[in-house]
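Topology and contacts: notes
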Amino acid sequence: MASWFWIAFGLSVLALAGCTASAGLPSYGMVPDFALTDQSDQPFVSANTLRGRVWIADFIFTNCAGSCPRMSAQMRQVDNALRSDIKDLRLVSFTVDPVRDTPAVLARYAERYQADRGVWFFLTGPQASLHNLARNVFTLGDVNGDLEHSTRFVLIDRQSRVRGYYLTSEEDAIPRLIADAKRVAKDRF
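Along each chain, residue indices are assigned from 1 in the same order as the chain's sequence is written. With pLDDT at 70 or above as the cut-off, local features in this predicted model cover only qualifying residues; side-chain atom pairs require 80 or more to be listed or tallied, and sums for whole chains, interfaces and linings still use all residues. Heavy atoms from the whole structure form the basis of all side-chain values; hydrogens and water molecules are not counted.

Concerning the side chain of D97
Following the sequence through the fold, D97 ends up in the loop between β4 (90-95) and α4 (103-112). Each residue is assigned to one of three classes by its accessible area relative to the maximum for its type, calculated with a 1.4 Å probe on protein chains only: buried under 20%, partly exposed between the two thresholds, exposed over 50%. Overall, D97 belongs to the buried group, its relative accessible area being 6%. For this analysis, a polar contact is any N or O atom pair within 3.5 Å, provided that within protein one partner can donate a hydrogen and the other can accept it, and provided that sequence-adjacent residues contribute only side-chain to side-chain pairs. A polar contact is formed between the side chain of D97 and the side chain of R100, at a distance of 2.8 Å. Filtering out sequence-adjacent residues up to four positions away, D97 remains in contact with F61, N63 and L147. Numbering of helices and strands runs from the N terminus, with a helix taken as a DSSP run of H or I at least four residues long and a strand as a DSSP run of E at least two residues long. By definition, residues are in contact when any of their heavy atoms lie within 4.5 Å.

Side note on helix α6 (residues 173-185)
Counted at 1.5 Å a residue, the expected span for α6 with its 13 residues is 18 Å, and the 18 Å between its end C-alpha atoms agrees. Of the positions making up α6, those classed as buried are A173, I174, L177, I178, D180, A181, V184 and A185. Buried residues along α6 sit in contact with β3 (55-60), α3 (67-82), β6 (152-156) and β7 (162-167). Multiplying 1.5 Å by the helix residue count minus one yields the expected span of that helix.

Some points on the pattern of salt bridges
Salt bridges, as used here, are contacts in which a Lys or Arg side-chain nitrogen is within 4 Å of a carboxyl oxygen on Asp or Glu. Here the structure, examined in full by the defined rule, presents 13 salt bridges. Note that D88 is salt-bridged to R158, the shortest N-O span being 2.6 Å. Here R158 lies in the loop between β6 and β7 and D88 lies in the loop between α3 and β4, a separation of 70 residues in the sequence. The residues D88 and R158 share a single accessibility class, namely buried. What emerges from the salt-bridge pattern is a single network uniting R76, D79, R83 and D116.

Details of the packing of aromatic side chains
Note on ring pairs: Phe, Tyr and Trp rings are taken, using the six-membered ring of Trp, and paired if centres are within 6.5 Å. Classes follow the plane angle, with under 30 degrees stacked, over 60 edge-to-face and the rest tilted. All told, the structure shown has 12 aromatic pairs when counted by the stated rule. Here F94 and F138 contribute two aromatic rings whose centre-to-centre distance is 5.7 Å and whose plane-to-plane angle is 55°, an arrangement assigned as tilted. Pair noted here: F94 is in strand β4 and F138 is in the loop between α5 (127-137) and β6, with a separation of 44 residues, a long-range link. With relative accessibility at 0%, the residue F94 sits in the buried group. Ring centres of Y109 and F122 lie 5.7 Å apart, and the angle between their planes is 80°; this geometry places the pair in the edge-to-face category. Of this pair, Y109 sits in helix α4 while F122 sits in strand β5 (residues 120-123), and the two are 13 residues apart along the sequence. Of the residues examined, Y109 reaches a relative accessible area of 4% and is grouped as buried. Take F122: its relative accessible area is 0%, and that puts it in the buried class. Counting every residue linked through ring pairs, the aromatic cluster contains F34, F44, W55, F59, F94, F121 and F138.

Focus: the side chain of H149
Within the fold, H149 resides in the loop between α5 and β6. A residue is classified by how much of its surface remains accessible, and H149, at 19% relative accessible area, is buried. There is a polar contact of 3.0 Å between the side chain of H149 and the backbone oxygen of F59.

Nothing here speaks to function; it is geometry throughout.
What follows is the structure in structure tokens.
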């Protein structure tokens, strides 16, 4: 009788573990719904655009002479690599410089990186909102006017769970991100 208890207990633990670590990747937390403004000067409501989709996020600013051009080129590379495998993939680049990165400035930047409308969004909004997302949701730092920012990409699954962080300066980061995005795209629950 006791052995059946332990078998049932073990199966329960395995079932629960499967719910929290689908695709074999950890879950680092949930991304709540948010509202900002996109590069077309249109309201961007994450619940309408991102819910139920795999997406990748980063934080950049358009007049950055350092890591941002590399990161945006890498995001373009990720989009090209995943386009045929994940039809509903979305890319989201948040500005850390909302004072200068107006929708018009973001639109010109998006053109520079051949961002497809409806797929790759460049977002701006109130500094406090961007700061909350960077600091409290993605845990990537601050948006406080000093233009310091993380150079990590963040993978988010269809259930709005953060599933991975990828330091863009690491040689294997982009291939790992592409592979992991394909893995989480297969999860449909």
